[in-house]
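Listed below are the residues making up each chain.
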Amino acid sequence: MPKISQRAVEMPASPIRKLIPYSIEAKKRGTKVYHLNIGQPDIETPETALNALKNIDLKVLEYSLSEGNIEYRTALNNYYHSLGFEDLTTDNFIVTNGGSEALNFAISALCDAGDEIIIPEPYYANYNGFTKTFNVNVVAIPSTIDTGFALPPMEDFEKKITSKTRAIIICNPGNPTGYLYTREELQKLAEIALKHDIVVISDEVYREYVYDGKQQVSMLSFSELAENCIIIDSESKRYSMCGVRIGFMVTRSKKIHDAAMLFAQARLSPVLIGQIIAAAAHQNDRAYILSVREEYTKRRNLLVDLLNGIPGVICPKPKGAFYCVAELPVDDTEKFAQWLLEKYSNNNETVMVAPMGGFYSDSELGKKQVRMAYVLNEKDLRRSVELLHDALLQYNSREI
């Protein structure tokens with residue numbers, strides 16, 4: 001048998017996707033599975049994007065430019081100008097195959113093996129995979145559910161900085177917690193980054209989806225970070241087009257841009273058809289965004305209120321994105337989530353959640369927590385919580 005690399009042995013499984021084989025088996029048994037485990041919205045993709053897909057009339061599906069075709073980068077430039085960043089040009093953007101590749105480019109451009117990146121936790125689980133791929137070490141700054149996952153003092157970030165620190169990654173608004181950074185917090189992060197000459201990588205893919213009249217503040221707002229900031233962005237969640245696999249990185253730093261371009265050229269090019277569809281999505285999108293934000297607000301309020309109505313469940317109300325983290329009255333949500341798919345059924349229905357262990361550097365911190373995505377309609381969310389409530393009663397009363 002061939003030898004498998006140590007990198008592969010140490011690569012963490014996705015807590016979002018690793019239970020999928022169990023859901024497939026459940027469906028084979030005739031069980032309907034309500035998927036709260038993954039951020040796959042049921043919201044329809046914008047009509048402009050769907051029409052662009054239907055009307056593609058190309059005789060040759062050729063390579064796109066490694067940095068992304070000018071037509072799409074122009075659409076992105078116009079979009080960022082509408083956000084107030086009028087100093088940007090098309091040369092500040094590198095189009096990628098999803099936001100994931102943009103993160104990989106950013107880490108590749110900044111870090112060597114053994115370097116460190118500071119990340120507040122819980123954090124998007126795939127940050128573990130991205131850093132592990134390049135033998136980069138995550139240094140975590142913990143937050144807790146009892147404070148609604150509010151960030152610890154900014155001074156805690158500075159305490160973690162060493163000679164190996166290359167960047168701080170934030171997700172704003174946050175996946176999985178829905179935490180929304182204040183301008184004051186971001187200003188302090190900017191000051192820390194400049195003081196130690198490190199980079200802030202700000203993952204802003206959920207920018208549009210913030211609630212209760214609040215506004216997301218982009219790290220691009222701090223012009224003093226021109227050489228020390230990378231924005232990670234994606235069309236997947238903004239326009240409910242996860243399967244198109246189009247994301248991008250934005251930076252004012254020519255040095256970082258040129259370094260990332262070497263990796264962009266090595267992988268040849270981003271998806272041609274995806275760029276055509278994504279560019280079309282940006283046409284007259286304001287009404288679409290407002291409508292979707294209103295829908296997510298209703299779903300958030302419904303899901304969080306229903307969850308907090310279950311005895312023993314704790315679920316803070318998120319300020320952005322479309323996820324919530326709930327603490328359940330079980331000893332191990334990994335085992336519980338698998339049991340839901342293998343053993344539990346109510347009227348041939350069950351629910352799938354994402355255990356939170358993989359969203360922490362220390363899985364024990366998330367042992368009683370799950371992430372749920374409010375990407376289903378209100379009827380399905382109600383039924384999902386009914387199933388979860390019933391399942392908890394059965395799970396905690398079963399004979400071990």
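Just so it is clear, the model here is predicted, and its values are computed rather than measured.

Enquirer: Tell me about the overall build of the protein chain, residues and numbers included.
Expert: Across its full length, the protein chain carries 13 helices and 12 strands. Taken over C-alpha atoms, the radius of gyration comes to 21 Å for the protein chain, in line with the 21 Å a tight globule of 400 residues would show. Referenced to the eigenvectors of the C-alpha coordinate spread, the extents of the protein chain come out at roughly 60 × 60 × 55 Å. When the accessible surface of the protein chain is totalled, it reaches about 17600 Å², and 50% of it is carbon and sulfur. When the 44 basic and 51 acidic side-chain charges of the protein chain are each reduced to a single mean position, those positions are 4 Å apart.

Enquirer: An account of unusual backbone geometry is needed here, citing residue identities and associated values.
Expert: For the bond running from Glu121 to Pro122, omega is 5°, close enough to zero to count as cis. Of note, Pro122 is situated in the loop between β3 (116-121) and α6 (126-133). The amide bond that connects Asn172 to the next residue, Pro173, takes the cis arrangement and shows omega of -5°. If you trace the backbone, Pro173 turns up in the loop between β5 (165-171) and α8 (183-196). Despite not being glycine, Leu268 has its phi angle at roughly 80°, a positive value. Within the secondary structure, Leu268 sits in the loop between α9 (254-266) and α10 (272-281).

Enquirer: Report on helix α5 (residues 98-110), specifying residues and quantitative values.
Expert: Residue pairs three or four apart in sequence face the same way in an α-helix, which turns once every 3.6 residues. With 13 residues, α5 should cover 18 Å at 1.5 Å per step; its first-to-last C-alpha distance of 19 Å lies within 8% of that length. Counting buried positions along α5 yields 10 of 13 residues, so the element is predominantly enclosed. Every buried residue belonging to α5 is among Gly98, Gly99, Glu101, Ala102, Leu103, Phe105, Ala106, Ile107, Ser108 and Leu110, and all of these are buried.

Enquirer: Give me the nonpolar core: which residues, what numbers.
Expert: Counting 95 residues, the largest nonpolar core has Tyr72, Tyr80, Leu189, Met219, Leu307, Phe336 and Met372 as its most contacted members. Looking at this core element by element, the count peaks at 8 residues for helix α11 (residues 286-308). Those residues in contact with Leu189 that lie beyond four places of it in its chain are Met154, Phe157, Ile168, Ile170, Tyr181, Val200 and Met219. Ranked by size, the runner-up nonpolar core spans 27 residues in total, among them Leu103, Val199, Ile256 and Ala264.

Enquirer: So what's going on with the pattern of salt bridges? Residues and values would help.
Expert: This structure, assessed with the given rule, holds 21 salt bridges. Residues Arg207 and Asp233 are paired through a salt bridge, measuring 2.9 Å at the closest nitrogen-oxygen approach. Taken together, the residues span a long stretch of sequence, with Arg207 in the loop between β6 (199-203) and β7 (229-234) and Asp233 in strand β7 at a distance of 26 residues. A residue is classified by how much of its surface remains accessible, and Arg207, at 7% relative accessible area, is buried. The class of Asp233 is buried, set by a relative accessible area of 0%. The network of salt bridges with shared partners includes Glu204, Arg207, Glu208, Asp233, Glu235 and Arg238.

Enquirer: Give a detailed account of the packing of α11 against helix α13 (residues 378-397), specifying residues and quantitative values.
Expert: Look at α11 against α13: their axes get within 10 Å of each other, and the N-to-C directions meet at 15°. As summarised for this structure, α11 and α13 are arranged roughly parallel, according to the angle between their axes. Considering the relative orientation of α11 and α13, their crossing is right-handed. In contact with Lys298, Arg299, Leu302, Leu303, Leu306 and Leu307 of α11, α13 contributes Glu378, Leu381, Arg382, Val385 and Leu388. Residues of the contact of α11 with α13, tallied by class, amount to 7 nonpolar, no polar and 4 charged.

Enquirer: Help me get a handle on the environment of Leu392, residues and values and all.
Expert: Relative to the helices and strands, Leu392 resides in helix α13. Taking the relative accessible area as the measure of exposure, Leu392 reaches 3% and is therefore buried. Put simply, Leu392 and Asp203 are 189 residues apart on the chain and 34 Å apart in space, counted from C-alpha to C-alpha. If we skip the residues at most four places from it in the chain, Leu392 touches Ile310, Val313, Leu328, Pro329, Val330 and Phe336.

Enquirer: Could you give an account of the packing of aromatic side chains, naming the residues involved and the relevant values?
Expert: Counted by the stated rule, this structure contains 19 aromatic pairs. Relative to Phe85, the ring of Tyr80 has its centre 6.4 Å away and its plane inclined at 40°; by these criteria the two rings are tilted. Looking at Phe85, the relative accessible area reads 9%, which means it is buried. Ring geometry for Tyr80 versus Phe248: centroids 6.1 Å apart, planes at 80°, classification edge-to-face. Of this pair, Tyr80 sits in helix α4 (residues 70-82) while Phe248 is found in strand β8 (residues 247-250), placing the two residues 168 residues apart along the sequence.

Enquirer: Account for the sheet that holds strand β9 (residues 323-327), with residues named and values stated.
Expert: The antiparallel open sheet is built from 3 strands, whose spatial order is β9-β12-β11. The open sheet has two free edges, formed respectively by β9 and β11 (354-355), since each of these has just one partner strand. Where β11 lies against strand β12 (residues 369-373), 2 bridges are found, and the strand directions are antiparallel. Looking at the pairing, Pro355 lines up with Val370 of β12. The strands that α11 touches are β9 and β12; relative to β9, the one it contacts most, it runs at about 5°.

What counts, and where the lines are drawn
Residues numbered from 1 in each chain as written. Predicted model: local features only at pLDDT ≥ 70, side-chain atom pairs only at ≥ 80, totals over all residues. Heavy atoms only, no water. Helix = DSSP H or I, 4+ residues; strand = E, 2+ residues; numbered from the N terminus. Rg over C-alpha atoms; globule rule 2.2 N^0.38 Å. Areas by Shrake-Rupley, 256 points an atom, 1.4 Å probe, with all protein chains shown as cover. Lys, Arg positive; Asp, Glu negative; His and termini not counted. Charge placed at Lys NZ, Arg CZ, Asp CG, Glu CD. Expected span 1.5 Å × (residues − 1). Buried < 20%, exposed > 50% of the residue type's maximum accessible area, 1.4 Å probe, protein only. Core = buried A, V, L, I, M, F, W, Y, C linked by side-chain atoms within 4.5 Å. Contact = heavy atoms within 4.5 Å. Salt bridge = Lys/Arg side-chain N within 4 Å of Asp/Glu carboxyl O. Axes fitted to C-alpha atoms, helices over the stretch in contact; angles between N-to-C directions. Parallel < 35°, antiparallel > 145°, perpendicular 65-115°, else oblique. Left-handed = near helix turned anticlockwise from the far one by under 90°. Nonpolar A, V, L, I, M, F, W, Y, C, P; charged D, E, K, R; others polar. Phe/Tyr/Trp six-rings, centres within 6.5 Å; stacked < 30°, edge-to-face > 60°. Pairing = 2+ DSSP bridges.

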